[in-house]
Amino acid sequence: MARLAGTSTAVVSYVINNGPRPVAPATRERVLAAIKELGYRPDRVAQAMASRRTELIGLIIPDARQPFFGEMAHAVEQAAAERGKMVLVGNTDYIAEREVHYLRAFLGMRVSGLILVSHALNDHAAAEIDAWDARVVLLHERPEAIDDVAVVTDDLGGAQLAVRHLLEHGHEYVACLGGTAETPAVGDPVSDHVEGWRRAMQEAGISTEGRLFEAPYNRYDAYQVALGLLAGPDRPPAIFCSTDDQAIGLLRAARELRIDVPGELAVAGFDDVKEAALTDPPLTTIASDRSAMAHAAVDLVLDDGLRVAGSRRERLKLFPSRLVVRRSCGCE
């Protein structure tokens, strides 16, 4: 190939690998023409063995069946493709052992970097990351077990926006569907959503006692919780759900119980998944820029400046939340 292009094998390598040294445009064109004529295809396995890095990014998420994580994974895949990378996805199903399994598998494949959406990173997983000295960016969640760079939404502030909006409709109080007993108290978005709800209620001088209800994150189990809550004698006038999936399950329960939303019950969620605009009624929720977050995570995990000195706050890339008003809250 080098002979056909009239150059050296080193220059051919620079063109194929897009570096590390620049190649003059005319020479690059000759090399590309030779590649096309010979039908050459790079051996990516051999390249990975030589560089000890692949063109892959590992992405570990809790459950791609949940719309939020599916949409986030898609955004990461698009951002990675723009940088010439492919994405390997592993679902942990909120199981710590499975998270460690994917960490070992992906790091053993010499991925270029790892983007981790961890529900509750344990010490074993943290030790695995330290042992490989891996490039890791935390996305959406920021467990305290490791201190890597994190890309997150303003979960606390967003929850406050939603609850304040519900209270502005004149409701006596707003109940909250939080997480479960397994939800981490620190670093988890749902914990921040609950804290945001609590602060907004306290700002309004309203008690939160007895108004926080445990519920799984997914719509199916949240639906079962909502059936019991809404059929009881003390049905709340308004409910803030920590995830849109919970809110979708709650809306289904309200419809089955013939409870008018928003006439008899106001509802708001968090995440602004695409389906939120299609619920009946359309769901008022909190949105963040998932595409921008995904691009930030990919750029951070691939760039050499990832490991920088600084405090935990300085290593936190915080994206704003915004209120998306639809009809479930009572707005027309």
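Residues numbered from 1 in each chain as written. Predicted model: local features only at pLDDT ≥ 70, side-chain atom pairs only at ≥ 80, totals over all residues. Heavy atoms only, no water.

Caption draft 1: Structural context of the overall build of the protein. The secondary structure content of the protein amounts to 12 helices and 12 strands. Sorting the 332 residues of the protein into buried and exposed places 51% on the buried side. A total accessible area of about 16100 Å² is found for the protein, and carbon and sulfur atoms account for 50% of it. (Helix = DSSP H or I, 4+ residues; strand = E, 2+ residues; numbered from the N terminus. Buried < 20%, exposed > 50% of the residue type's maximum accessible area, 1.4 Å probe, protein only. Areas by Shrake-Rupley, 256 points an atom, 1.4 Å probe, with all protein chains shown as cover.)

Caption draft 2: Region of interest: the sheet that holds strand E7 (residues 212-213). Overall, parallel pairing links the 4 strands, which are arranged E7-E6-E8-E9 in an open sheet. In this open sheet, the two edge strands, each paired with only one partner strand, are E7 and strand E9 (266-268). Across the sheet, helix H8 (residues 155-168) lies against strand E8 (238-241) and E9, angled at about 170 degrees from E8, the strand it touches most. (Pairing = 2+ DSSP bridges. Contact = heavy atoms within 4.5 Å. Axes fitted to C-alpha atoms, helices over the stretch in contact; angles between N-to-C directions.)

Caption draft 3: Representation of the side chain of Asp272 within the structure. Residue placement: Asp272 occurs in the loop between E9 and strand E10 (285-287). Discounting residues that sit within four places of it in the chain, Asp272 has contacts with Glu71, Asp244, Thr285, Ile286, Ala287, Arg290, Val324 and Arg326.

Caption draft 4: Just the sheet that holds strand E2 (residues 86-91), in detail. Across the sheet, which stays open at both edges, the 6 strands sit in the order E2-E1-E3-E4-E5-E11 with parallel pairing between neighbours. The open sheet terminates on both sides in strands that have one partner only, identified here as E2 and strand E11 (316-319). Sheet twist, expressed as the mean angle between neighbouring strand axes with direction ignored, is 20 degrees. With 4 bridges joining them, strand E5 (residues 149-153) and E11 adopt parallel strand pairing. By the bridge assignment, Thr153 is partnered in E11 with Phe319.

Caption draft 5: Spotlight on the side chain of His140. Here His140 is to be found in the loop between strand E4 (136-139) and E5. The exposure class assigned to His140 is buried, which follows from its relative accessible area of 7%. If we skip the residues at most four places from it in the chain, His140 touches Phe68, Phe69, Val117, Val151, Val152, Asp155 and Pro189.

Caption draft 6: How the structure looks around the pattern of salt bridges. Tallied over the entire structure, the rule returns 15 salt bridges. Residue Arg65 pairs with Asp63 through a salt bridge whose shortest N-O separation is 2.9 Å. By relative accessible area, which is 68% here, Arg65 ends up exposed. The residue Arg164 makes a salt bridge to Glu203 at a minimum N-O spacing of 3.0 Å. Placement of the pair is Arg164 in helix H8 and Glu203 in helix H9 (residues 189-203), with a sequence separation of 39 residues. Through salt bridges that share partners, Asp63, Arg65, Asp93 and Arg98 make up one connected network. (Salt bridge = Lys/Arg side-chain N within 4 Å of Asp/Glu carboxyl O.)

Caption draft 7: Inspection of the pairing of E5 at higher detail. Counting buried positions along E5 yields 5 of 5 residues, so the element is predominantly enclosed. Alignment of E4 against E5, held across 3 bridges, turns out to be parallel. Each bridged residue has a counterpart across the sheet, and for Leu139 the counterpart in E5 is Val151.

Caption draft 8: Broad picture of the packing of H8 against H9. Where H8 meets H9, the closest approach of the two axes is 7 Å, and the angle between their N-to-C directions is 45 degrees. As the angle between them shows, H8 and H9 are arranged oblique. Seen along the crossing, H8 lies across H9 with a hand that is right-handed. On H9, the residues touching Asp155, Leu156, Ala159, Gln160, Val163, Arg164 and Leu167 of H8 are Pro189, Asp192, His193, Glu195, Gly196, Trp197, Arg199, Ala200, Met201 and Glu203. Looking at the contact of H8 with H9, its residues break down into 8 nonpolar, 3 polar and 6 charged. (Parallel < 35°, antiparallel > 145°, perpendicular 65-115°, else oblique. Left-handed = near helix turned anticlockwise from the far one by under 90°. Nonpolar A, V, L, I, M, F, W, Y, C, P; charged D, E, K, R; others polar.)

Caption draft 9: Up close: the packing of aromatic side chains. Under the defined criterion, the tally for this structure stands at 3 aromatic pairs. Note on Tyr94 and Tyr217: the rings are 5.8 Å apart at their centroids and 55 degrees apart in plane angle, and the pair reads as tilted. Remark: Tyr217 occurs in the loop between E7 and helix H10 (219-231) and Tyr94 occurs in the loop between E2 and helix H6 (96-108); sequence separation between them is 123 residues. The exposure class assigned to Tyr94 is partly exposed, which follows from its relative accessible area of 29%. A relative accessible area of 12% means that Tyr217 is categorised as buried. When the ring of Tyr102 is compared with that of Phe106, the centres are 5.6 Å apart and the planes differ by 45 degrees; the resulting orientation is tilted. With Tyr102 and Phe106 both in helix H6 and 4 residues apart, the pair spans about one turn of that helix. The ring of Tyr173 has Arg211 sitting right over it, with the charged end atom 3.8 Å from the ring centre. (Phe/Tyr/Trp six-rings, centres within 6.5 Å; stacked < 30°, edge-to-face > 60°. Lys NZ or Arg CZ within 6 Å of the ring centre and 35° of its normal.)

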